[in-house]
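Architecture at a glance
Letter by letter, the chains look like this.
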Amino acid sequence: MWRKASVAALLAIAVGYLYHGSPELPEQILQYISLPNFQQSSQSQDSQKSLEEVISSAWETLITLPSRQWSKVAVGVNACVDVVVSGVGLLQAMAVDPGVGLDHEVLHSKEDLKEAFIHYMERGAAAERFFSDKEVFQRIARAAAEYPGAKLYVGGNAALIGQKLATYPDLIVLLCGPVGPKLHQMLDEQIIVPPESLQETDEYHLILEYKAGETWGLTQAPQANRFIFSHDVSNGGMSLLETFVASLEDFEPELVVLSGLHMMEGQGRELWEERLKEAVSAILDIRRDIPIHLELASMTDRDYMNSIMQEVMPIVSSIGLNEQELLFLSQADEGPHADLAAWKGIPDVGRVSDILLWVLEQHGRSDPLSEADLTRIHFHTLAYHILATVDGYWGNQAAAVTAGARVASSQACGLQAVDVSKVELKAPLEFYSSHTEPREKLTINPAQPVTVWRRGNVTFHMTPVLVCKQPLRTVGLGDAISAEGLVYSELKAEQPF
Ligand SMILES: *[C@@H]1O[C@H](CO)[C@@H](O)[C@H](O)[C@H]1NC(C)=O
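Read on for an overview of the structure. Note that the coordinates shown come from a computational prediction; the quantities given were computed from them, not determined experimentally.

**Section: the overall build of the protein**
- When helices and strands are counted, the protein shows 17 helices and 24 strands.
- When burial is assessed residue by residue, the protein has 45% of its 497 residues classed as buried.
- Intrachain contacts of the protein at a sequence separation of at least 6 include 73% that bridge at least 24 residues.

**A few points about the sheet that holds strand 3 (residues 106–107)**
- Pairing within the open sheet is mixed, and its six strands lie in the order 3-4-11-8-2-5. Here the strands that pair on one side only, and so sit at the sheet edges, are strand 3 and strand 5 (151–155).
- Note that strand 2 (residues 80–86) and strand 8 (residues 204–210) share six bridges and pair parallel. Within strand 8, the position partnered with Asp82 by the bridge is His205.

**Focus: the site of the ligand**
- For the ligand, the full set of nearby residues is Glu361, Ser366, Asp367, Pro368, Gly456 and Asn457.
- Here the shell around the ligand is composed, by residue class, of one nonpolar, three polar and two charged.

**Description of the environment of Asp419**
- Within the fold, Asp419 resides in the loop between helix 16 (397–411) and strand 18 (423–425).
- With 15 C-beta atoms counted inside 10 Å, the residue Asp419 sits in the partly exposed group.
- Counting along the chain gives 49 residues from Asp419 to Cys468, while the straight-line C-alpha distance between them is 9.0 Å.

**Here's the deal with helix 16**
- Compared with an ideal rise of 1.5 Å per residue, which puts 15 residues at 21 Å, helix 16 spans 21 Å between its outermost C-alpha atoms and is within 8% of the ideal.
- Taking burial as the measure, the 15 residues of helix 16 include 15 buried ones, the bulk of the element.

**Observations regarding unusual backbone geometry**
- Here the residue pair Gly76 and Val77 is connected by a cis peptide bond, since its omega of 5° sits within 30 degrees of zero.
- Among the secondary structure elements, Val77 is positioned in the loop between strand 1 (72–76) and strand 2.
- That bond from Glu437 to Pro438 is cis: its omega, 0°, falls within 30 degrees of zero.
- With respect to the element layout, Pro438 can be found in the loop between strand 19 (430–432) and strand 20 (441–443).
- Although it is not a glycine, Glu252 adopts a positive phi angle of roughly 50°.

**Looking at the sheet that holds strand 12 (residues 255–259)**
- One open sheet holds the 10 strands; their spatial order is 7-6-1-12-13-14-15-16-22-21, and the pairing between them is mixed. Each end of this open sheet is capped by a strand with a single partner; those strands are strand 7 (191–192) and strand 21 (451–455).
- Across five bridges, the pairing between strand 21 and strand 22 (residues 458–464) is antiparallel. Along strand 22, the bridge assignment pairs Val452 with His461.
- Strand contacts of helix 14 (residues 323–332): strand 14 (318–322) and strand 15 (376–380), with the helix running at about 110° to strand 14, the strand carrying the most contacts.

**With respect to the nonpolar core**
- Judged by nonpolar contacts, the single largest core of 140 residues is most densely connected at Val75, Leu175, Leu206 and Leu356.
- A per-element tally of this core places helix 16 first, with eight residues.

**Quick word on the pairing of strand 13 (residues 292–295)**
- Of the two faces of strand 13, both are covered, the one formed by Ile292 and Leu294 as well as the one formed by His293 and Glu295.
- Relative to strand 13, strand 12 is paired through four bridges, and the arrangement is parallel. Within strand 13, the position partnered with Leu258 by the bridge is Leu294.
- With three bridges connecting them, strand 13 and strand 14 associate as parallel partners.

**Here we look at the environment of Pro428**
- You can see Pro428 is positioned in the loop between strand 18 and strand 19.
- The class of Pro428 is partly exposed, set by 16 C-beta atoms lying within 10 Å.
- A C-alpha to C-alpha distance of 8.3 Å links Pro428 and Thr443, two positions 15 residues apart in sequence.
- Apart from the residues lying within four places of it in its own chain, the contact partners of Pro428 are Ile346 and Val349.

Thresholds applied
- For every chain, the first residue of the written sequence is number 1, and numbering continues from 1 onward in sequence order.
- Per-residue local features are limited, in this predicted model, to residues with pLDDT of at least 70; the limit for side-chain atom pairs, both in listing and counting, is 80 or more; totals at the level of whole chains, interfaces and linings are taken over all residues.
- Counting from the N terminus, the helices are DSSP H or I runs at least four residues long and the strands are E runs at least two residues long.
- In this scheme every C-beta is placed from the backbone, and a residue whose C-beta has 20 or more other C-beta atoms within 10 Å is buried, one with 12 or fewer is exposed, and one in between is partly exposed.
- A residue pair is marked as a contact if its C-beta atoms, positioned from the backbone, fall within 7 Å.
- The rule for pairing is simple: two strands pair if DSSP sees at least two bridges between them.
- We call a residue near a molecule or strand when the C-beta position, derived from backbone atoms, sits within 6 Å of it.
- Classification used: nonpolar for Ala, Val, Leu, Ile, Met, Phe, Trp, Tyr, Cys and Pro, charged for Asp, Glu, Lys and Arg, polar for all others including Gly.
- Each helix should span, by expectation, one fewer than its residue count multiplied by 1.5 Å.
- Fitting a line to C-alpha atoms yields each axis, with helices limited to the stretch in contact; the angle taken between N-to-C directions then spans 0 to 180 degrees.
- The term nonpolar core means buried Ala, Val, Leu, Ile, Met, Phe, Trp, Tyr and Cys residues held together as one set by C-beta atoms within 7 Å.

Shown next as C-alpha cells:
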C-alpha cells in the first residue's frame, strides 16, 4: 500500500511542477512520468533483476521507429573483402621461411611482407601496410582466400553500413564503392549496386592473425594481434566518389551516408591535398536538401584531420565517431582537452561533452547564423554512447541512441539480440555534464536509461552500453552503431531557421 501511495505522491509533485510550468522540473521526474510500467516495477522485483536486465528491457520500450522514416538511403564509398587468416599458416603455405623481423613503410615483395609481419608479431602490435606490387598481391590474396579456415567478410565502412541498413526490409539501399565479384556475391540481395561501381577484381584486405604465445621460427608473439595489408588503390583515392554523387540524381535518396575519407591519408600529403579538394566539390554537388552523414574512422595525420574538420564537416549534417577520433579532432585544432595524450580507461563523460559541444559550436550550426550544416554527432565508445544534436533539427534521439547501444551490445557477442548474461554495465552511473564549472551532476537511471542534458543550443542524449564480456568480432561495430542510429533518427520537417 505504502508503495502505491508514494508513487501517487511523487506523481502529484511532478504534476504540480508541470501545472505550475516550473522551468526547473528535473528531467528525472519527467522520465518517471512517461515510464509506462512504473506502478508495477516494485522494489522487490527490481532487486532481483540485474542492472543489465533492467536496462535491456527498458531499451525495448524506448526503441520505436520515428513517424517519418527514410525510404531510400545511398551509401558510399569504401568497400572491400576482408580475408581473415592465420598469418603463420598463410606464409608457410606460400613457402616462405621464417627469419628476422624488419619494418617496411610499404611492402614491395613477399620478403618485405614476411619481415614486417615478424617485426610486428614479435611485438604483438597491430599494423596496416600497403602492398605495392599488384600482381604479387593478387596471387597472395587468392592463396589467402583459399587457405583452409580463412574467413571472408564484407569490409569497408560503406559496405558495412549498407549491410546493416539492408536488414530493414522497407529501406531501399544503394551502395557505391569498388564492388568486385566476390563482394557482390556477399552483399545483401536487397542492396542496389550501380553498374558503374562494379569492378573486375575485388579489393581484398588481408588480415593476418596470430595468437598469444604463437611461435614461428625464433619469433614468439607476446599477445594476440593482427597484421593487415592490401593493394587498395580504389579506396585509397576514394575513386568512386564522383560515380557515387552522379548516381544520386537518379536514385533520389532521402539520406546520404559517406565514409572512406580516412583511406586517403595513406596516399601522402600531396595526393590527399589535391583529392580532398575534389572530394569537397563532389560533396557540394549533392542537393542541399539531402542530409549527409559522414562516418569517420581512424586517422593519424593532424593536418589531414584538420582539413577534414575545416572543409568537410561544415558541409555535412551529421557525423559518427569514436573516442579516439573525437580526441584527435580536438587535438588537431586545439579544442578542449587537446592536452590529453589519450583517454585513460572509460572516457570522462564531461570531457566528451565539452568536445562535442565545441565541434557543434565551432564547425556546426549551433549558432543559427552559421553557414555550417552540421547539427548531429553520434559518439560511441565501449561503455556508452552520446547523441548530440543542435535543437530543432532532429527528432527521436532517445530511440536512436539506444538502438545504437543495443546493436553494440548484441553484435559484439555475435548475437541478434542482447543476452543479459553475457554483458556487463561499465559506464559510470554518476557523472557531470562538463569537465569544468558550470556543470550539472547527472545520473543514469537503469529503468529509464537515457540521460538528457542541454548546453547552449545543443541537447545530449546518453545511454550506457551493455558491454559484451567475451566479444567475438568487433570489426564494423562502429558502422553498425551509426547505421542503427540513423534508421531511428528523424530529420524535422520544419526547421527553425
Ligand atoms: C543559440 O541560438 C540563439 C538563437 O536561437 C543564438 O542567438 C545564440 O547565439 C546561439 N548560441 C550559440 C552558443 O551558438
